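This is what each chain is made of:
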Amino acid sequence: MSVDPNPLTDAEKTEYIRKTILEEGRALRRRHPWLDRHQNLIGATIMAVSLLGMIASGTLYVKGLIPWWVCVPVTAVFASLIHELEHDLIHLMYFKNRPWANDLMLALGWLARASTISPFVRRKLHLHHHKFSGTESDLEERGITNGERWGVRRLLMTGDNMLAVLLRPFTMQRAVREYIRSQKPASRGDARKMSLQQLLAYAPLGNLYYLVFHSWLLAHTILFTAQLAGAPITLSGGLATALAALDTFAVVYMLPSFLRTFCLHFISSNMHYYGDVEPRNVMQQCQVLNPWWLMPMQLFCFNFGSTHAIHHFAVREPFYIRQWTAPAAHKVMREMGVRFNDYGSFLRGNRFTREAPAERRQAA
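Residues numbered from 1 in each chain as written. Predicted model: local features only at pLDDT ≥ 70, side-chain atom pairs only at ≥ 80, totals over all residues. Heavy atoms only, no water.

S.K.: Would you explain the overall build of the protein in this entry?
M.R.: Scanning the protein for helices and strands turns up 18 helices and zero strands. The globule rule puts the C-alpha radius of gyration for 364 residues at 21 Å, and the 22 Å found for the protein is close to it. By residue count, 48% of the 364 residues in the protein fall in the buried class. Accessible surface, the protein as shown: approximately 18,400 Å² in total, 66% of it carbon and sulfur. (Helix = DSSP H or I, 4+ residues; strand = E, 2+ residues; numbered from the N terminus. Rg over C-alpha atoms; globule rule 2.2 N^0.38 Å. Buried < 20%, exposed > 50% of the residue type's maximum accessible area, 1.4 Å probe, protein only. Areas by Shrake-Rupley, 256 points an atom, 1.4 Å probe, with all protein chains shown as cover.)

S.K.: Help me understand the nonpolar core in this model?
M.R.: Across soluble globular proteins, nonpolar side chains have a tendency to be buried as a group. Among the nonpolar cores identified, the biggest contains 31 residues, and Ile17, Ile21, Met297, Phe313 and Met333 are the most heavily contacted of them. For this core, the secondary structure elements donating two or more residues are α1 (10-31), α13 (237-271), α15 (304-313) and α16 (319-336). With six residues, the single largest contributor to this core is α13. In contact with isoleucine 17, not counting residues within four places along its chain, are Met283, Phe313, Val332, Met333, Met336 and Val338. (Core = buried A, V, L, I, M, F, W, Y, C linked by side-chain atoms within 4.5 Å. Contact = heavy atoms within 4.5 Å.)

S.K.: For this particular structure, what's the right way to read the packing of aromatic side chains?
M.R.: The description of an aromatic ring pair uses the distance of the two centres, along with the angle that the planes make with each other. Applying the stated criterion across every chain yields a total of 15 aromatic pairs. Residues tyrosine 202 and tyrosine 210 carry aromatic rings whose centres are separated by 6.2 Å and whose planes lie at 80° to one another, so their mutual orientation is edge-to-face. Given the relative accessible area of 3%, tyrosine 210 is considered buried. Consider the rings of phenylalanine 319 and tyrosine 320, whose centres lie 5.6 Å apart with planes at 80°: the pair is edge-to-face. Residue classification places tyrosine 320 among the buried residues on the basis of a relative accessible area of 13%. By way of ring pairs, the aromatic residues Trp150, Tyr202, Tyr209, Tyr210, Phe213, Trp216, Phe249, Tyr253, Phe258, Phe262, Phe266 and Phe346 are connected into one cluster. The positively charged end of arginine 334 is found above the aromatic ring belonging to phenylalanine 340, 3.8 Å away from the centroid. (Phe/Tyr/Trp six-rings, centres within 6.5 Å; stacked < 30°, edge-to-face > 60°. Lys NZ or Arg CZ within 6 Å of the ring centre and 35° of its normal.)

S.K.: Can you help me understand the side chain of aspartate 160 in this one?
M.R.: Residue placement: aspartate 160 occurs in the loop between α8 (152-158) and α9 (161-166). Within the buried core, aspartate 160 has no salt-bridge partner, and the shortest N-O distance to an opposite charge, that of arginine 168, equals 10 Å. Reaching out from aspartate 160, the side chain makes a polar contact with the backbone nitrogen of leucine 163 at a distance of 2.9 Å. In this view, aspartate 160 contacts Tyr210, Phe213 and His214; residues no more than four positions away in its chain are not counted. (Lys, Arg positive; Asp, Glu negative; His and termini not counted. Salt bridge = Lys/Arg side-chain N within 4 Å of Asp/Glu carboxyl O. Polar contact = N/O pair within 3.5 Å; in protein donor to acceptor, adjacent residues only side chain to side chain.)

S.K.: What is the right way to look at the pattern of salt bridges in this model?
M.R.: Oppositely charged side chains can pair when the atoms bearing their charge come close. Counting across every chain of the model gives 19 salt bridges. Close ionic contact of arginine 168 with glutamate 148 constitutes a salt bridge, the shortest N to O distance being 3.0 Å. Of this pair, arginine 168 sits in the loop between α9 and α10 (169-182) while glutamate 148 sits in the loop between α7 (139-143) and α8; the two residues are 20 residues apart in sequence, bridging distant segments of the chain. Among the salt bridges present, the one from aspartate 342 reaches arginine 339, with a minimum N-O distance of 3.3 Å. Side by side, aspartate 342 and arginine 339 carry an identical accessibility label, which is buried. Through salt bridges with shared partners, one network takes in Glu86, Arg113, Arg122 and Glu140.

S.K.: Just to check I follow, could you spell out α13 for this structure?
M.R.: Side chains three or four residues apart in an α-helix point the same way, a direct result of the helix having 3.6 residues per turn. Between its terminal C-alpha atoms α13 stretches 48 Å, which fits the 51 Å expected from 35 residues at 1.5 Å a residue. Of all the bends in α13, the greatest measures close to 55° and is centred on alanine 250. (Expected span 1.5 Å × (residues − 1). Bend = angle between axes of the 7 residues up to and from the residue.)

This is the structure we're talking about:
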């Protein structure tokens, strides 16, 4: 009979990992004091550089200086930086004492990535996610397909937040109800307000984005189908001009958004566990997902699979600090039993429990 080399409770392991990660961060800041002194400036600079990078990439494409297959990934990389900033802003890591500046950065980040829900709605969802990650009321992760069995439907939903709702309306209705119930609204009126907030979570930018994106997809699907059927459609001058403008907008904005969203949601929904985890048990919330074959996807979500689990243990560390301290964090996480590259979760619908082979055959 084997003996557990770490006879600690999950809570004790979590606290040990947290303290180790935070101490590594403090040691880094002692070596580089400017990280603490200029944290607000660092965040604002990353936002400015990322926005300018997106604009520059799009401008170079419009002027014919770079092809679409350069513009799309370059823009998506800059957008991934803005996503990480939004996440840190939600945790008030920048401009905590100047709410207007924090809100301004959130608004700019939403303009740069309109395929997402409003960051002002997401803030409450995300803070709830940290407390109840992987449970039925974790609306944030449920919204990006965490807990679904893999197949064509989940693949379609992974890069398109609107399809993730439209293709499973009853599932999302239940998730919203569970989330609202977990907030313990004081009255029926409060519950209705919460429900309305979730209904309008993409308004106005996200709704407009998906209207344009799906219209563009539909237009090209009709034209392509007609071409295959031997009855090509010739557009009038105005329609041809409008479609050409949409094609340009797709390259400089919509396709980078889709690429970034797909990569982030694929990584995030598979590194978080769902359905059979204990509330507030951080040891069961995430795995570290960083195999070499996922590096192309990691590029478009700023190495999320490798570093996001660190965030669940040490919430207040900015994303660039997590990247810096990842080797030490991974070492202690592995020692304490955090899972690394648990590929079986793909087949288990992201469940935490690993079934024995015999049990799996019987269930099948």
